[in-house]
Amino acid sequence: MDIFQIVAIGIVGGILAVMIKKENPTFAVMVSLAVAVLIFIFLMPPLAGLIALIANITGHLSSGQEYVLVVVQIIGIAYVAEFGAQICNDAGEGSIASKIELAGKVLIMGVAAPIIISLVEQVVAIIP
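This structure is a prediction, so every number in the text was calculated from the model and none was measured.

Here's the deal with the side chain of T58
So, point 1. Structurally, T58 is set in helix α2 (residues 25–60).
So, point 2. For T58, a relative accessible area of 16% puts it in the buried group.
So, point 3. A distance of 2.7 Å separates the side chain of T58 from the backbone oxygen of I54, its partner in a polar contact.
So, point 4. Every residue in contact with T58, bar those within four places of it in the chain, is listed here: Q65 and V68.

Concerning α2
So, point 1. Compared with an ideal rise of 1.5 Å per residue, which puts 36 residues at 52 Å, α2 spans 51 Å between its outermost C-alpha atoms and is within 8% of the ideal.
So, point 2. At M44, α2 shows its strongest bend, of approximately 40°, with the proline P45 following within four residues.
So, point 3. Taken residue by residue, α2 has A28, V31, V35, A36, I39 and T58 as its buried positions.
So, point 4. The secondary structure elements touched by the buried residues of α2 are α1 (3–21) and α3 (65–90).

Parameters and conventions
Residues numbered from 1 in each chain as written. Predicted model: local features only at pLDDT ≥ 70, side-chain atom pairs only at ≥ 80, totals over all residues. Heavy atoms only, no water. Helix = DSSP H or I, 4+ residues; strand = E, 2+ residues; numbered from the N terminus. Buried < 20%, exposed > 50% of the residue type's maximum accessible area, 1.4 Å probe, protein only. Polar contact = N/O pair within 3.5 Å; in protein donor to acceptor, adjacent residues only side chain to side chain. Contact = heavy atoms within 4.5 Å. Expected span 1.5 Å × (residues − 1). Bend = angle between axes of the 7 residues up to and from the residue.

Shown next, in the form of structure tokens:
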């Protein structure tokens, strides 16, 4: 699936949602959600390839593998939070979307905390 097909699905879904919104706003949100899930499903094979590539690269590292895992977790949290927030924004729930974004940021900080602590410890060890 290339980007043109994904964009075409998005445009058709968006137009359909706009046309339906006047008659039945709830169904329009469901159409938007269905299109988003469909696009996400189409992205699964390339995403699986990227995960395999990262696993391959990580397997060749002699050290620092835990850092690669943390970076992948952070990227995953960011994408999932953005996806959820955009769905809520599309549904007209901006306040829920902002809470999802906040939760994503807090979770990212939680996942990154061990790396930040390790970095600070290394800097402190260098400074006499």
